[in-house]
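Close look at the chain arrangement
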Amino acid sequence: MWRMKISDYELLLKLNEIGTIRGTAKVILISQPAVTQRLQYIEEFFGEQIFIRTAKRLKLTPAGEIILTHAK
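Predicted model, so just to flag it, every value in this text is computed and none were measured. (Residues numbered from 1 in each chain as written. Predicted model: local features only at pLDDT ≥ 70, side-chain atom pairs only at ≥ 80, totals over all residues. Heavy atoms only, no water.)

Quick look at the overall build of the protein
Filter applied, for reference: Only DSSP runs of H or I reaching four residues or more are called helices, and only runs of E reaching two or more are called strands; each is numbered from the N terminus. Radius of gyration here is computed from C-alpha atoms only, and the compact-globule reference equals 2.2 Å multiplied by the residue count raised to the power 0.38. Buried, partly exposed and exposed residues are distinguished by accessible area as a fraction of the type maximum, computed with a 1.4 Å probe on protein chains only: under 20%, between the cut-offs, and over 50%, respectively. Whether two residues are in contact is decided by their heavy atoms: any pair within 4.5 Å suffices. Accessibility throughout is a Shrake-Rupley quantity obtained with a 1.4 Å probe, and a residue counts as covered only by protein chains that appear here. By the counting scheme adopted, Arg and Lys are positive, Glu and Asp are negative, and His together with the chain ends is not counted. Each charge is placed at NZ for Lys, CZ for Arg, CG for Asp and CD for Glu.
The helix and strand tally for the protein stands at 4 helices and 2 strands. Starting at the N terminus, the α and β elements of the protein follow one another as α-α-α-β-β-α. For 72 residues, the compact-globule formula gives about 11 Å, and the C-alpha radius of gyration of the protein, at 11 Å, lands near that figure. Looking at the protein as a whole, 35% of its 72 residues qualify as buried. For the protein, restricting intrachain contacts to residue pairs at least 6 apart in sequence, the fraction spanning at least 24 positions comes to 46%. For the protein, the computed accessible surface area is about 5,000 Å², with 55% contributed by carbon and sulfur atoms. The centroid of the 11 positive side-chain charges in the protein is displaced by 8 Å from the centroid of its 7 negative side-chain charges.

Given below as C-alpha cells:
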C-alpha cells in the first residue's frame, strides 16, 4: 500500500504557496504531469479533494485546509 512521505506533505505546502501546478513543477524541477500524478495519489490516500483546480490557481477545499494544517 502507498504511504505518505514527508516529500508529499512538502509538495502540498508548495502547491498551496505557489498556487499552480505548473509553477510548482518549475520550482521543484519535476514535470507538470508528475506533480499532477502525485497530487492525485495524495488525494486518493486521504479520500478527499485537497485543491479545487480553477483556470487561474489552486484553491484549498475545507478538507485540504485540515490536511495542510497537519502537513505544517
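From this point, the discussion proceeds with the structure in view.
Looking at the packing of aromatic side chains
Put simply, the rule is: Ring geometry is summarised as follows: Phe, Tyr and Trp rings, the Trp one being its six-membered ring, pair when their centres sit within 6.5 Å, and such pairs are stacked at plane angles under 30 degrees, edge-to-face over 60 and tilted between the two.
Throughout the structure, instances matching the rule amount to 1 aromatic pair. On the numbers, 5.1 Å between centres and 90° between planes, the contact of Phe45 with Phe46 is edge-to-face. With a relative accessible area of 27%, Phe46 lands in the partly exposed category.

As for unusual backbone geometry
Leaving glycine out, the prevailing phi sign among residues is negative, and the prevailing peptide bond configuration is trans. Of note, the phi angle at Leu29 is positive, near 60°, even though the residue is not glycine. With respect to the helices and strands, Leu29 occurs in the loop between helix 2 (21-28) and helix 3 (32-46). Assessed through its relative accessible area of 74%, Leu29 is described here as exposed.

A short note on the packing of helix 1 (residues 6-18) against helix 4 (residues 62-71)
Let me state the cut-off plainly: What counts as an axis is a line fitted to C-alpha atoms, over the stretch in contact for a helix, and the angles between N-to-C directions run from 0 to 180 degrees. For classification, angles of less than 35 degrees are called roughly parallel, those exceeding 145 degrees roughly antiparallel, those between 65 and 115 degrees roughly perpendicular, and all remaining angles oblique. For any helix crossing, the convention is left-handed if the near helix is rotated counterclockwise from the far helix by under a right angle, and right-handed if that rotation is clockwise. Three residue categories are used. Nonpolar comprises Ala, Val, Leu, Ile, Met, Phe, Trp, Tyr, Cys and Pro, charged comprises Asp, Glu, Lys and Arg, and polar comprises the others, including Gly.
Here helix 1 crosses helix 4 at 120°, and the two axes come no closer than 9 Å. With respect to their mutual orientation, helix 1 and helix 4 come out oblique. Our pair here, helix 1 against helix 4, has a crossing hand that is left-handed. For the pair helix 1 and helix 4, the contacting residues are Tyr9, Leu12, Leu13 and Asn16 in the first and Ile67, Leu68, His70 and Ala71 in the second. Split into classes, the residues belonging to the contact of helix 1 with helix 4 amount to 6 nonpolar, 2 polar and no charged.

Any functional reading would require information beyond the geometric quantities listed.
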